[in-house]
Amino acid sequence: MSHTPLLTLAIPVVGDAHLAPLRRTLDGIHRVLADEDIEVLVQVGRDAPKIRQLLDQHPARPLGFEEQDEGIYDAMNRLAQRALGLRILYLGAGDIPLAGLTRALDRWEPLDGALEIGGVRIPDAEPRVPRHYAPRWDSGLRWRNVCHHQGMAYPTALLREHGGFSLKFPVLGDYAMNLSLWQSGVKAKWSPGEDWVSAAPGGVSRQFNPALYAEERQLKAQLLRPGLAKWIQPFWIRLKSQWKSSGQRTT
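Below is a summary of the structure that appears in this document. (Residues numbered from 1 in each chain as written. Predicted model: local features only at pLDDT ≥ 70, side-chain atom pairs only at ≥ 80, totals over all residues. Heavy atoms only, no water.)

Within the protein chain one finds nine helices and eleven strands. For the protein chain, whose C-alpha radius of gyration is 18 Å, the value lies close to the compact-globule estimate of 18 Å for 251 residues. In the protein chain, which comprises 251 residues, the proportion classed as buried is 49%. Expressed as a percentage of contacts within the protein chain between residues at least 6 apart in sequence, the contacts between residues at least 24 apart total 78%. Here the protein chain displays about 12,000 Å² of accessible surface, and carbon together with sulfur accounts for 53% of that area. (Helix = DSSP H or I, 4+ residues; strand = E, 2+ residues; numbered from the N terminus. Rg over C-alpha atoms; globule rule 2.2 N^0.38 Å. Buried < 20%, exposed > 50% of the residue type's maximum accessible area, 1.4 Å probe, protein only. Contact = heavy atoms within 4.5 Å. Areas by Shrake-Rupley, 256 points an atom, 1.4 Å probe, with all protein chains shown as cover.)

The tally for this structure, following the rule as stated, stands at 14 salt bridges. The salt bridge involving E116 is made with R107; its shortest N-O contact spans 3.1 Å. The exposure class of E116 is buried, given its relative accessible area of 2%. Using a relative accessible area of 29% as the deciding quantity, one classes R107 as partly exposed. Across the pair D195 and R121 runs a salt bridge whose closest N-O atoms are separated by 3.0 Å. Highlighted residues: D195 in strand β11 (residues 195–198) and R121 in strand β7 (residues 119–121), separated in sequence by 74 residues. We classify D195 as buried; its relative accessible area is 10%. For R121, a relative accessible area of 42% translates into the label partly exposed. (Salt bridge = Lys/Arg side-chain N within 4 Å of Asp/Glu carboxyl O.)

The next subject is helix α1 (residues 19–33). Compared with the 21 Å implied by 1.5 Å per residue over 15 residues, the 20 Å span of α1 between its first and last C-alpha is a close match. Among the residues of α1, L19, P21, L22, T25, L26, G28, I29 and L33 are the ones counted as buried. Where the residues of α1 are buried, they touch β1 (7–13), β2 (38–44), α2 (49–57), β5 (96–97) and α4 (99–107). (Expected span 1.5 Å × (residues − 1).)

Next up on the list: unusual backbone geometry. We note that R61 has phi near 55°; this positive angle belongs to a residue other than glycine. When you line up the elements, R61 lands in the loop between α2 and β3 (63–66). Of the residues examined, R61 reaches a relative accessible area of 69% and is grouped as exposed.

Here it is as structure tokens:
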């Protein structure tokens, strides 16, 4: 690609097990965003001949890289280093872009260091997972990750300046990044009612087990600034974990 695209769509996959959902995502990109100024990158974590064939033939013209990584956030960091786009938006295999993302690309102004964020729909969400994440960027981040990562177009340079996603938080690395950016004063812009992605269900951050909440306690102990919100986190996380876990037990 000889120019700088507005956006890189970055898709990390493990291997050929993700062939069918990756095809759905690429089909959606081609259907919705074929005329947009975008780059499509796919990071494959192991040898995957079927995915390699798909990438070679698909009309969305994805660029694929087979490179062993150390997990999801390592893969996302590798994608950020390769990306040519001014901004980068991470999709999971099976996620489908919506028309709202084309409207966002049309209205984006020259890069100013702010995040661009949009809404995310999860039509088949797990119990007690919201079916819609409206765009927001506020103090709610002290309590939970109010920004779904499929609705966040990070300035690529900003991610690199912050050293990428922390590998210390293998499940909540995007939450750690968002909390750090918000506390450091990074701004976000959005258009109310604009949804970007229909996200597939699944993902380790929606498995409400003790390891997830232990990681959240560690994250907030390290990153949250001193104050009442930080002091009350152990009680808040305990209540949240009980409520979320009970929802999964009753299904």
